[in-house]
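Residue-level listing of the chains:
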Amino acid sequence: MTSKFPTQDLLPKTETNVTTFLQKYPQYDGKDIIIGILDTGVDPGAIGLSIIPNGEKKIIHIADCTGSGDVKMDTDAMAKKDPRGWVIEKDIFGKALVLNGDLNLQPFPRENDGEDSSSAKAATEEEKEVEEGMPVRLAFKRAYELFPGKLTNRVKRHYAQEFDKEQHRHAASVHKELAEWNVKYAAGQPTKDQIRQKEDIAARLDVLDGKIPASDPLKEDPGPLYQIILFYDGTNYRVIVDTESSGDLSALPTDRAMTDYHKEFQFARFSEIDMMNYCVNIYQEGKIVSVVVDAGAHGSHVAGITSRYHPADKENDEEPNGVAPSAKIVALKIGDTRLGSMETGTAMTRAMIEAVKYKCDVINLSYGEGCVLPNSGRFVELAEQLVYKHGIVFVSSAGNNGPALTTVGAPGGTTDAIISVAAYVSPAMMRAEYSMEPTSSGEENTGTTYTWSSVGPTSDGAMGVDITAPGAAITCVPNWCLQRNQLMNGTSMSSPNATGCVALLLSAAKAEGINLTPARLKRALGNTAQKMPGLSSLQQGFGMVDVEAAWEYIKSHKDDPYEDVNFKVAILNRPGAPRGVYLRHAKEVAAKQSFSVEVDPIFSTNDNVDAETQMKRVEFEMKIQLKATESFVDVPEFFMLMHNGRSFKFEVDPTKLDPGVHTAFIYGYDTTKPELGPRFHIPITIAKPIDEDVSISLGELEFAPNEVKRFFLNVPSGATWMDVAVKDTRTIETDEETSSRLLVLHTLQLLPNAAYRDAEEQKYLNLMPSHETVASIPVHSGVTCEMDLARYWSAQGATKVIASIRFRGVTSVPDSLTMLCGGGGTQVRLHSSLADEYILPKATLKTWLRPLSPLKAGLIAPCDERDVLTSNGKQIHQLVLEYEFEQKEAGSFTPRAPALQGVLYEAAFESQMMLIFDEDKRVIGVADSWPGEIKAPKGKITIRMQIRHDDNAKLELLKNLTIMIERKLGKEINLSAYKSRETMVTAGDKMRRSLIRQGTVSSVFFGEPEVPTDCQCGDILRGSATFEDRSAKLEGASKRPGGTEIKYIVGSKAKEEKEDKAKALEAQDPRTDDEKMAEVIRSAKLEFLKKLSEKKEDTEKFIALYQTLVTDYPAHLPLLVEGLKFHDNKDRRKDNLGDVILAADDVIKAVDEIALAGHFGVTHDDEDAESCKIHKDNEEKKGFLIEALARKAHAIADASSADPTSDGFGQTLKHLQKWADTSSKKYSVLTLERETRDGFLGSRLKLLTELLEKKGDDTKDSFAPMTKADIVEERKRVLEALSFTHLKERQEKWSIITSNKDYAPF
């Protein structure tokens, strides 16, 4: 008989007693509650996110808070009504565009600019607008800038298949043509023209076979381009997104003209290929359109857990709903698509503003990062305002960085105002979601937190984890994933599960008229949570959420006024006023310690001074009984507490505790209402290290399911790394069960002003029977190191290992090495404190940093309406800094702003972001708190950096901020190591392998490097040095992983010696003084003439003076050439081609070609001054002749374009070829013309492709230079002529993409 599938365990609710709660109170299913989902965005078309049970819309607002979908509407146009509809004569793509005639286009609202705006004048202007048409604004957005990476890759694969089909179809035809040529000519002796014909065929094949430069735009799929059309309908701005690019949208339904999502709940799909749904919001009075899409599947999955509602399918098994199916959703995208869905400070701030604006009751954030300072920074200030002032409950994930202690992420695990949630997996979840059954040996699945679920306390001793909830679900994902549901796990899933539970409680409280504040709710959750067996409070917080018990608690204590009070706890006289006691260093736990703690009751926020709140502060008084949960904590019994806070002292005695982790709490109970549970708590964590030793045997370790064994190591002085050896005790001979065993090795040291990730190593060990692995892990001496071995939560089967630790190290003084140019290298002292060690010092420089100052002091300006703080109405401002540098060759770099990067939630500024542009103002990269490598083309690179804050004085401090550009060196630089300064400066014998005895000191000298030619003064070369030599006898790295940092500051370069050259011989000048003066006067007149040619308004003056000078100097070649250049100027040549030809003929006639040929037919005597002078004059004449012939050929070509059979061009080109090699790129326009006239479009295409590779630089000094735009336009015409439509379309799209008027918005 078939068992019923455990469907309801796919989205777990029994663990939190949600199922029984809803059975008792079905009406409290999230009704009247709004949940804010701060995530990657939510797909409004995802299955189950459409409606709530009463039929109302589930998602009531969607916003992209990141700005990644912002489009600057910077092209103004007019739409005129005719029988076809509303017609825009020229759209973004340069074509006509027809809109549905039923659309209600109206004039844009007039901005009040202080001018006369009388009704009569306004009416007249409106009538004029109606006659001319109705205003619209246009812009475009690339699909690949909107889509998440996973979708982009899928869509690219689709279009690549279509593109390849076209390539192969055309290639087959060209291959046939080549075969026919071979049959016809290969056997004989082909003529030059026949060979050119073959070359032309081969050139076409090269393009179709993809044999073009990697940087060529034809190589890369630009993806779909969506034209955005904005208009005003008299009430709302509206947007049409043209996803077809057909030019005819006359049949597009009028309801596809979308306005802000929250007004009409409109969304649409780009195409069936991508299945990506989108909506829009409009800002800055129609100047910015935000096209809102999700940056990943994560957000829709999170939303599904909180409140998915899908009516039961009567024929099939019921699909599980979310925890609070009647709750509505406000979807706030904080994962920036440009950063691969990374959150930003800007997005987080905007999301909190939106949460208040759209009246969220609770918000969920399933994001987080390790932080330097817990409960500190700009974000924390805003979060506290959100919770304590606006009464919004804030729930967030604890993090997925366990199993070590103090791995909770910011903001969830580190911020007092936020409820932090760990991730739990129950046996029912294991069975339904992971298909896990008990093992054949009888080992049952045991409920537990996931191995990776982050663990408290915070670095300042706070709990870190508040509560626990189920951390996995199979629920809805966006349509573009091409699946209905998906399994995801993480605290990202436990947090929305807890959020759904909060929504149920808020729904019940709202229905029964209970004012459930965040403080009251958080206390109810903590005081009623279920303690899960086998887990410490550091793992599970107060325990598993129990909705039923929490609701009974809330009802029972609804009238207690002090349930709304937050009690702030701070340990006095300790750095940073920590929120708990956290002892983990050897000296800290070696003696009894006394602490003083201040408890401060907080009513609302400090700026709340209404009479009622003020009287609550005045009247507050509470008689507290203090209780410690463990005997090693000694507290006074009673404590009288008033507003403004008081302190008491307590003692902690860790001296009798065994090595390992120990936790305790001091609870404060209201003696008048002890049944309420503790009003406040003080967490205490003791991590007692093992006695210091160089080698530590942990013996045989047997692991229960998901067990974590924690060891705290007192790292000896002189240790720089440790080798951790782990061996599986099973043997192949005696053990039948030989599958691998998965263990997690996690080490962590807490360093001051550093996030846990900065001194953390995590390795997954797959152990087979008898298998031993040795992991080498860097350590900091004198700082306790936690080393955890954990059986992975899903690993099954008995797990037993033998483990040991050996500390090793050669320490260097100084620990970080810096060399200055001219400083004579650097000396390092080496100490071996733990054992005899062999050394063989090596140093390598790997990266190159260049400081970059802004082009000018940054500008501070207000942001837009999205950036007004709800707590105080202050406008957030932005400081924008602009930097430029030249990328000499295509390559990669990393932009660094050391003063601002590496922090997010604890940052002093709201946010900082860099947008990186190429010379076409196209975004090629984005960088924020943790920048990655940016691939850049050759050419000018612009970096625009935005820093945000509401305090302009703080922004002023950064107006001249210097940043760094980091690149990998093309070739790593190995520094030579020497035993003495003398051998270093004389480049003597290099240091060899030697032995340092334990307790002794040695030294090494590193010489200065040979600096790459591209480096300049002030640049920094950076790398690492290692000192130990690997021993063949020992497992592991046998040297400090990562080595010791070494830097070299580049100085000024010595001037290069110039190569000696013989002085040019000068012939005697036989002219008289009058003749010399006449030449000087003629030259001055010519220079003045040149200046007149530079300005259009001086055209008539130029012509008049030129005529005069030609009369005076009829055969003066420089003058004639200047006249030729004037007529052949690009701004006037089109209408003067005949004059160009005549002017060229004047130059050609003035040159005696026979005499010139005779001169160049023999070698001149370079030791004879007169011979050198004659040769120089003839070189000049030859240059003038070549230029005249080239310009004449070009003019004839353009003049005879209507009659290509005319032979004037061919004759002139042949004439030119007598004097110049026309295969040179400087004659490209002529070569292109010749190929066209001869019908060799493939050869023409090949040359254009070659020119485009260098952006036309090869023609820069030509008589007819070609810009990149010129080359692109020519290539489009050739592709069209060849019927390579797919390539032409690709080129046209890239032309649009690179035609930016301005930089993209942040």
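You'll find the structure just up there.
Model, not experiment: these values are computed from the prediction.

A. Structural context of the overall build of the chain. Scanning the chain for helices and strands turns up 28 helices and 57 strands. With respect to the three principal axes, the spread of C-alpha positions in the chain is 115 × 90 × 70 Å. Expressed as a percentage of the 1306 residues in the chain, the buried residues total 54%. In the chain, the proportion of contacts linking residues at least 24 apart, taken out of those at least 6 apart, comes to 75%. Taken as a whole, the chain presents about 58,600 Å² of accessible surface, with 49% of it coming from carbon and sulfur. The distance from the centre of the 161 positive side-chain charges to the centre of the 196 negative ones in the chain is 2 Å.

B. Representation of the environment of Asp951. Mapped onto the elements of the fold, Asp951 is located in the loop between β51 (939–949) and α16 (952–956). Given a relative accessible area of 24%, Asp951 falls into the partly exposed group. Sequence separation of Asp951 and His262 is 689 residues, and the distance between their C-alpha atoms is 31 Å. Among the polar contacts made by the side chain of Asp951, one reaches the main-chain amide nitrogen of Ala953 at a distance of 3.0 Å.

C. Unusual backbone geometry, seen in detail. Cis geometry marks the peptide bond from Gly402 to Pro403; its omega dihedral reads 15 degrees. For Pro403, the position within the fold is in the loop between β18 (393–397) and β19 (419–425). Along the chain, Val813 connects to Pro814 via a cis peptide bond; the corresponding omega equals 0 degrees. Phi at Asn375 takes a positive value of approximately 55 degrees, unusual for a residue other than glycine. Relative to the helices and strands, Asn375 resides in the loop between β17 (362–365) and α9 (378–389). Even without being glycine, Ser435 reaches a positive phi, approximately 55 degrees. Taking relative accessible area as the criterion, Ser435 reaches 63% and is therefore assigned exposed.

D. Focus on a negative patch on the surface. On the surface, Asp1165, Asp1166, Glu1167, Asp1168 and Glu1170 cluster together to form a negatively charged patch. Residue Glu1167 is classed as exposed on the basis of its relative accessible area, which comes to 67%.

E. Molecular detail of the packing of helix α24 (residues 1208–1217) against helix α25 (residues 1228–1237). Put simply, α24 and α25 touch, their axes get as near as 11 Å, and they point 135 degrees apart. Put simply, α24 runs oblique to α25. The element α24 and its partner α25 pack so that their crossing is left-handed. In this structure, α24 uses Phe1209, Leu1213, Leu1216 and Gln1217 to contact α25, whose residues at the interface are Leu1230, Glu1233, Arg1234 and Arg1237. Residues belonging to the contact of α24 with α25 are distributed by class as follows: 4 nonpolar, 1 polar and 3 charged.

F. Just the side chain of Asp728, in detail. By secondary structure assignment, the location of Asp728 is in strand β35 (residues 721–728). A polar side-chain atom of Asp728 sits 2.8 Å from a polar atom in the side chain of Arg730. Non-local contacts of Asp728, meaning those with residues more than four positions away in its chain, are made with Arg741, Leu767, Met768, Pro769, Ser770, His771, Lys800 and Val801.

Conventions and cut-offs
Residues numbered from 1 in each chain as written. Predicted model: local features only at pLDDT ≥ 70, side-chain atom pairs only at ≥ 80, totals over all residues. Heavy atoms only, no water. Helix = DSSP H or I, 4+ residues; strand = E, 2+ residues; numbered from the N terminus. Buried < 20%, exposed > 50% of the residue type's maximum accessible area, 1.4 Å probe, protein only. Contact = heavy atoms within 4.5 Å. Areas by Shrake-Rupley, 256 points an atom, 1.4 Å probe, with all protein chains shown as cover. Lys, Arg positive; Asp, Glu negative; His and termini not counted. Charge placed at Lys NZ, Arg CZ, Asp CG, Glu CD. Polar contact = N/O pair within 3.5 Å; in protein donor to acceptor, adjacent residues only side chain to side chain. Patch = residues over 30% accessible without salt bridge, like charges linked within 9 Å, V, L, I, M, F, W, Y side chains within 5 Å. Salt bridge = Lys/Arg side-chain N within 4 Å of Asp/Glu carboxyl O. Axes fitted to C-alpha atoms, helices over the stretch in contact; angles between N-to-C directions. Parallel < 35°, antiparallel > 145°, perpendicular 65-115°, else oblique. Left-handed = near helix turned anticlockwise from the far one by under 90°. Nonpolar A, V, L, I, M, F, W, Y, C, P; charged D, E, K, R; others polar.

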